[in-house]
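The chain contents come next:
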Amino acid sequence: MGKFAALLLFPILLAAGSVGADPVAIAMPPEMTDSGFAQHLLPRFKFRHRIALDPVAPDSAAELAFRREDGVGEAILIGRDGTVYRLVFAPDSATGRKFADWLRSGPGQKTLESFPKDGPPLFTLFEAPAEQKVEAAPTGDVALGSELALLHCGRCHVVDKRNRMGGIGSTPSFGALRARANWHDLFLKFWVEPPHPSFTLIPGMTEEFTDSRPARIHPVKLSDIEVNAIIAFIATMKPKDLGAPIRYD
């Protein structure tokens, strides 16, 4: 073999070596293998991480396993019928950790959502029910909050029908924010969420603006009483119907 041909072959051998390791066995129940789900899922993980997973029978010895039993592994998938599937692997299994993290990632979720092509996903990512918190009823002045929200927040947000043609297109409306499960927490500390720190002043809660740290636009100055008034006003708003919960990839 000539020197030039050998140089061409060397990168190919390296690439082959990176995926040439023995497949890692993963025990999967029949509903995952018989449906074609495993054949859809596992090659995409391999493409992403160069790790081959080999599906084996659920009672086989395997480094990774999907189980239906409670109390073992990480609850990670849920079937159409509500069955929760837990991914079981040893704490020192780097492959298990990588596979679990990939399933929860944006590409992993898109892979789940795309099977099958002709109907709702067969398996989706399991999300633990959010802890139910009972919020104290806001005690602020609703009328004052309505005025302040339109005056100050309406510069960027659509507050309600009073400025429905206003706001900034990339900024969520108050109705959309009110639809979030954690809307109360968001408004209790909105001044720390970008871009608010650059122009919001709440005595006792934020730093004063100075010549060396000027406000980026005309500052919004609110007292804690006024913040409570705005929250009380938002509590009276009807959440906007977004069609589905907000998701973040």
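Further up the page is the structure itself.
Counting its regular elements, the protein chain contains nine helices and eight strands. When each of the 249 residues of the protein chain is scored for burial, the buried share is 33%. Taking as baseline every contact in the protein chain between residues at least 6 positions apart, the subset at least 24 positions apart corresponds to 58%. Surface accessibility of the protein chain: about 15,600 Å² in total, with carbon and sulfur atoms responsible for 58%.

A few words on the layout of surface pockets. Here the largest pocket defines a volume of roughly 530 Å³. Together, 24 residues line the largest pocket, and His157, Leu177, Phe190, Pro195 and His196 are the ones closest to its centre. At the level of elements, α7 (174-178) and α8 (183-188) are the ones that each hand at least two residues to the lining of the largest pocket. Within the lining of the largest pocket, the residues separate by chemical class into 16 nonpolar, five polar and three charged.

Attention now goes to the nonpolar core. Membership of the largest hydrophobic core comes to 27 residues, with the highest contact counts inside it found for Ile26, Phe37, Phe66, Leu77 and Phe99. Sorting the residues of this core by element identifies β1 (24-27), α3 (37-49), β3 (64-67), β4 (74-79), β5 (84-89), α4 (94-104) and β6 (123-125) as the ones contributing at least two each. Top contributing element to this core by residue count: α3, with five residues. Not counting residues within four places of it along the chain, the set of residues in contact with leucine 77 comprises Met32, Phe37, Phe66, Thr83, Val84, Tyr85, Leu112, Phe123, Thr124, Leu125 and Phe126. Core analysis: the next-biggest nonpolar cluster, separate from the first, contains 20 residues, Ala149, Phe190, Val227 and Ile231 among them.

This part is about the sheet that holds β6. Reading across the sheet, the six strands line up as β2-β1-β3-β5-β4-β6 and stay open at both edges, with mixed pairing between neighbours. Lying at the two open borders of the sheet, with one neighbouring strand each, are β2 (53-56) and β6. This sheet shows a mean twist of 30 degrees between the axes of neighbouring strands, independent of strand direction. As paired elements, β1 and β3 share two bridges and run parallel to each other. Within β3, the position partnered with isoleucine 26 by the bridge is leucine 64.

Take helix α5 (residues 106-113) next. Along α5, the residues classified as buried are Gly106, Gly108, Gln109, Thr111 and Leu112. Of the surrounding secondary structure, the elements contacted by the buried residues of α5 are α3, β4, α4 and β6.

Moving on: the environment of leucine 188. Note on placement: leucine 188 falls in helix α8. Exposure remark for leucine 188: the relative accessible area of 37% places this residue in the partly exposed category. C-alpha of leucine 188 to C-alpha of isoleucine 230: the two residues are 42 residues apart in sequence and 9.9 Å apart in space.

About the cut-offs
- Residues numbered from 1 in each chain as written.
- Predicted model: local features only at pLDDT ≥ 70, side-chain atom pairs only at ≥ 80, totals over all residues.
- Heavy atoms only, no water.
- Helix = DSSP H or I, 4+ residues; strand = E, 2+ residues; numbered from the N terminus.
- Buried < 20%, exposed > 50% of the residue type's maximum accessible area, 1.4 Å probe, protein only.
- Contact = heavy atoms within 4.5 Å.
- Areas by Shrake-Rupley, 256 points an atom, 1.4 Å probe, with all protein chains shown as cover.
- 1 Å grid on protein atoms, 1.4 Å probe; cavity = no way out; pocket = protein on both sides within 12 Å on 5 of 7 lines; lining within 4 Å.
- Points joined across faces, edges and corners; volume = space filled by probe spheres on them.
- Nonpolar A, V, L, I, M, F, W, Y, C, P; charged D, E, K, R; others polar.
- Core = buried A, V, L, I, M, F, W, Y, C linked by side-chain atoms within 4.5 Å.
- Pairing = 2+ DSSP bridges.
- Axes fitted to C-alpha atoms, helices over the stretch in contact; angles between N-to-C directions.

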